[in-house]
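# A look at the structure
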Amino acid sequence: MARKRKTDGRTPRRALWFRTLIAITACGAAVGGLAAYRTLSDDTATERPVTVDEASRLALSRLNLYQASPLKVDLTATEGGGVVVRVKGVVDYRTHRAVGSYRITGASGASAPAGGQLDHGLIVWDTGGLGLAPVPKGDDRPPWRQAEHIPRSGWSARSYTTDPLDAGLQLLIGLGADRPDNPLLLAQSGARRLGSDRIDGRDYDRFAGPRAQGATPGTGPDGGRSPLTYWVDGDGGLRRVTMRMPGLGTPTTVEFSGRDGRAKLPAAPWGTG
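This structure is a prediction, so every number in the text was calculated from the model and none was measured.

## Here's the deal with the nonpolar core
Counting 41 residues, the largest nonpolar core has V91, W125 and F256 as its most contacted members. When residues of this core are assigned to their parent elements, the largest contribution, six residues, is made by helix α4 (residues 164-173). Those residues in contact with V91, other than ones at most four positions away along the chain, are S69, P70, L71, V73, R97, A98, L172, I173 and F256. The next biggest cluster of nonpolar side chains, apart from the first, holds twelve residues, and it includes L122, A133, A147 and L265.

## Quick notes on the sheet that holds strand β3 (residues 83-92)
The strand order across the open sheet built from twelve strands is β1-β8-β9-β10-β11-β12-β2-β3-β4-β5-β6-β7, with neighbouring strands paired in antiparallel fashion. Of all the strands in the sheet, just β1 (48-49) and β7 (156-159) have a single pairing partner and so form its edges. Strands β1, β2 (71-80), β8 (192-199), β9 (202-208), β10 (228-232), β11 (238-243) and β12 (252-259) of the sheet are contacted by helix α2 (residues 52-68), whose axis makes an angle of about 110° with β9. The strands that α4 touches are β2, β3, β4 (97-105), β5 (117-126), β6 (129-133), β7, β10, β11 and β12; relative to β2, the one it contacts most, it runs at about 155°.

## A few points about α2
Within an α-helix, residues lying three or four positions from one another point in the same direction, as the helix has 3.6 residues per turn. For α2, with 17 residues, the first-to-last C-alpha span of 24 Å sits near the 24 Å given by 1.5 Å per residue. Taken as a whole, α2 carries its principal kink of about 35° at S61.

## Notes on the environment of E148
With respect to the helices, strands and loops of the structure, E148 is situated in the loop between α3 (143-147) and β7. A sequence separation of 120 residues divides E148 from A268, and the C-alpha atoms of the two residues are 6.8 Å apart. Those residues in contact with E148 that sit more than four places away from it in its chain are K264 and P266.

## Overview of α4
The buried fraction of α4 is high, at nine of ten residues. Along α4, the residues classified as buried are P164, L165, D166, A167, G168, L169, L171, L172 and I173. At the N-terminal end of α4, a side-chain oxygen is found 3.3 Å from the backbone nitrogen of L165, two or three residues along, and the residue is D163.

## Observations concerning the packing of aromatic side chains
Any pair of aromatic rings gets described here by the distance separating the centres and the angle formed by the planes. Using the criterion set out here, one finds zero aromatic pairs in the structure. Of note, R94 hangs over the ring of Y66, and the distance from its end group to the ring centre comes to 5.1 Å.

## Looking at the pattern of salt bridges
Using the criterion set out here, one finds 20 salt bridges in the structure. Between E54 and R48 there is a salt bridge, with the nearest N and O atoms lying 2.9 Å from each other. Here E54 and R48 have matching classes, each one buried. Among the salt bridges present, the one from R206 reaches D197, with a minimum N-O distance of 2.5 Å. What makes D197 partly exposed here is its relative accessible area of 30%. Each of R48, D53, E54, R57, R193 and D205 takes part in a single network of salt bridges with overlapping partners.

Rules used throughout
Residues numbered from 1 in each chain as written. Predicted model: local features only at pLDDT ≥ 70, side-chain atom pairs only at ≥ 80, totals over all residues. Heavy atoms only, no water. Core = buried A, V, L, I, M, F, W, Y, C linked by side-chain atoms within 4.5 Å. Buried < 20%, exposed > 50% of the residue type's maximum accessible area, 1.4 Å probe, protein only. Helix = DSSP H or I, 4+ residues; strand = E, 2+ residues; numbered from the N terminus. Contact = heavy atoms within 4.5 Å. Pairing = 2+ DSSP bridges. Axes fitted to C-alpha atoms, helices over the stretch in contact; angles between N-to-C directions. Expected span 1.5 Å × (residues − 1). Bend = angle between axes of the 7 residues up to and from the residue. Polar contact = N/O pair within 3.5 Å; in protein donor to acceptor, adjacent residues only side chain to side chain. Phe/Tyr/Trp six-rings, centres within 6.5 Å; stacked < 30°, edge-to-face > 60°. Lys NZ or Arg CZ within 6 Å of the ring centre and 35° of its normal. Salt bridge = Lys/Arg side-chain N within 4 Å of Asp/Glu carboxyl O.

Here it is in structure tokens:
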């Protein structure tokens, strides 16, 4: 997709934060900290460093996403002022491309339509940016089917910004990988077990990811903890990820709800013609 690039040479502070976050998440680079515990604790235990088994499951989660592609995903981002953006679609980590529909709801003054819906349409995104297009009239098929019939010229493409939706899309597209992370490095970088939850009848451990580079344990508003939280099952399956962003009280949430073997991502948005 053709995208506009910034040329003024300035990088917003939030953009620098997000690049650091993605780098730590993607490679699990060791920055010191506590090694993995080798003893297990029960679910009533307080927050603690991950065990060896927990670090191994967390390390496998990105590979499991890759192998299970294409996956059904739901993303919810709060933009401030009561505006919420929801994206529902599929992501293929083998191509690092995704397609779905988006819906924007919330208060936007007297001009807001009944029901609070402000906008809706189709969305595609990859590692470099995103594209938007209107939903074809009278077409109630899945978004990836609808997107097949929109030519490349019908997409409004742009680079990522630092707003919550774009940050969430960029995080989501980078979660899957064709190899596991190093569990020892994840543990040494500050991954922690926060607790456990039951989602749709299945048990998940809740983990804080590796700390941002340079963060000191016990300092800052979150005690030096990573802004990313992962819900991982006993087989290393990733169910949910949340991301806290500076200045926002509600985190961006990504939910995975299983493989969609029928889905085929359209070529038009990424074509050269």
